[in-house]
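As a plain string of letters, each chain reads:
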Amino acid sequence: MRVLEVCQEFPNRYYPQLGTFIKQSIDSIADQNIDVTVVSPKPFVLPFSTFPYHNFYKLPRLEHAEKYTLHYPRYVYAVPKKYFYPITGISYAHFVSRYAIKNIKPQPDLIHAHFSYPDGYGMIGLAKKWKVPLVISALGTIERKVAYEGSYVSKQIVEAMNFADNVLSVSEDLKLHIINLGISEDKVHVVPNGVDIEKFKPSGKEKSRTLLNLPQDKNIVLFVGALRKIKGVDYLIEAAKSFVGTNTVLYMVGRDDGLKKSLEKRAQELKIFNYIKYTGPVNHEDIPLWISASDILVLPSLSEGRPNVVLEALSCEIPVVATDVGGIPELMVDGETGYLVPAKNPEELSEKINKLLEDASRREKMGRLGRKSIIQRGLTWEAHAKSTVEIYSKLLQKSQ
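Participant: Looking at this structure, how should I read the sheet that holds strand E1 (residues 2-6)?
Facilitator: Sheets are built from strands that pair by backbone hydrogen bonding, the pairs being arranged parallel or antiparallel. Taken together, 8 strands build an open sheet; the order of strands is E4-E5-E2-E1-E7-E8-E9-E10 and the sheet is mixed. Every other strand in the sheet has two partners, leaving strand E4 (62-64) and strand E10 (188-190) as the edge strands with one partner each. Taken over all neighbouring pairs, the strand axes of this sheet differ in orientation by 25° on average, direction set aside. When strand E2 (residues 35-39) meets strand E5 (residues 69-71), the two strands line up parallel, connected through 3 bridges. By the bridge assignment for E5, threonine 37 is matched with threonine 69. The strands that helix H1 (residues 20-30) touches are E1 and E2; relative to E2, the one it contacts most, it runs at about 155°.

Participant: Before we go on, may I ask you to explain the pattern of salt bridges in this structure?
Facilitator: Oppositely charged side chains are able to pair whenever their charged atoms sit close together. Throughout the structure, instances matching the rule amount to 23 salt bridges. In this structure, glutamate 149 engages lysine 145 in a salt bridge whose closest nitrogen and oxygen atoms are separated by 3.3 Å. The shortest N-O distance in the salt bridge between lysine 205 and aspartate 295 comes to 3.8 Å. On the criterion of sequence distance, the pair formed by lysine 205 in helix H8 (residues 205-212) and aspartate 295 in the loop between helix H11 (287-293) and strand E14 (296-299) is long-range, its members being 90 residues apart. Given a relative accessible area of 32%, lysine 205 falls into the partly exposed group.

Participant: Would you mind going over the packing of helix H9 (residues 233-240) against helix H10 (residues 260-269) with me for this structure?
Facilitator: Between H9 and H10, the least distance of the axes is 10 Å, while the angle of their chain directions is 15°. With respect to H10, the element H9 is oriented roughly parallel. For H9 against H10, the interelement crossing comes out right-handed. Across the interface between the two elements, Val233, Asp234, Ile237 and Glu238 from H9 touch Leu263, Arg266 and Ala267 from H10. A class-by-class count of the residues in the contact of H9 with H10 yields 4 nonpolar, no polar and 3 charged.

Thresholds, definitions, all that
Residues numbered from 1 in each chain as written. Predicted model: local features only at pLDDT ≥ 70, side-chain atom pairs only at ≥ 80, totals over all residues. Heavy atoms only, no water. Pairing = 2+ DSSP bridges. Helix = DSSP H or I, 4+ residues; strand = E, 2+ residues; numbered from the N terminus. Axes fitted to C-alpha atoms, helices over the stretch in contact; angles between N-to-C directions. Contact = heavy atoms within 4.5 Å. Salt bridge = Lys/Arg side-chain N within 4 Å of Asp/Glu carboxyl O. Buried < 20%, exposed > 50% of the residue type's maximum accessible area, 1.4 Å probe, protein only. Parallel < 35°, antiparallel > 145°, perpendicular 65-115°, else oblique. Left-handed = near helix turned anticlockwise from the far one by under 90°. Nonpolar A, V, L, I, M, F, W, Y, C, P; charged D, E, K, R; others polar.

Spelled out as structure tokens, the structure:
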């Protein structure tokens, strides 16, 4: 079976933090003896450091990874996104399809787009041209939020999922949102992401902190993710005034999507600036260390699909305080492996964090139960891949 895996967000040598969970998914699929080719389109960029993601221009059009060939075709990403995002999908469809027709040989049996937009929308024409099934992964915010905005992009997202032969939802909650958009329930399948339980496992707090040069004598509350509104980081700063201090530090691990300055300003106003540390993006290989070094993982998102960082924390035996949104409640047991709180509620967020900070034995018990639940429920990448490949096989049998 030959499968073309398409995803604009995919880690590369210059931006290794992009789409790491997409790579884990594709790697696990390739491990099922699937002949995989990866296409990760990149915008045309100017080679100046002031230009966002300027290092994309250095990427070759083609390189060979251990498990598959990787292509980086270029397309026009229209900015500002607020006004021109619909053009992005049209550009993607034109440039990427033209590249694939010329360079992807032999023709694949199936196309799998890992985001509904622009990947899924951009692959409609190519799937028609090649007369092959199209599978689209639905991962969260695009389908839960953007698709409901009533914009032209919303229509493109719905068009892509209506055209697709199957839509893979990461959670039961997201499946309901997709069906509510008018997508046939028969073709929406829940395929959860997984976690590598050998990579994400307890590695000792003292050892992890030593390797990362973190303080041994303080509580560490950890946030992992991009600094963006949808992640609820502004509410986290408001909550932090009630839990950071001389004994507790909040570490924000992830890239700045334009909010860092305003977050720092608010922290200064609240007189907690010195207790909040921003690391910027870190190598995904170091995330297990960061999680093991922490006492609590916090995820205050306003919208989510099924966030991998929650799985990763539980697998490392670290309790989680997260908002009760999207597929997060499907991953946690409130009061047993962590706490669920309402979104946009810094008071309850800080209350639950403090409850855990004050009770080390509770944290340890929750952590042990978290890893046990991951293993018992089989939330691994291998299980994810087997489910995905089974869907591929059924589609190909049907098309034949």
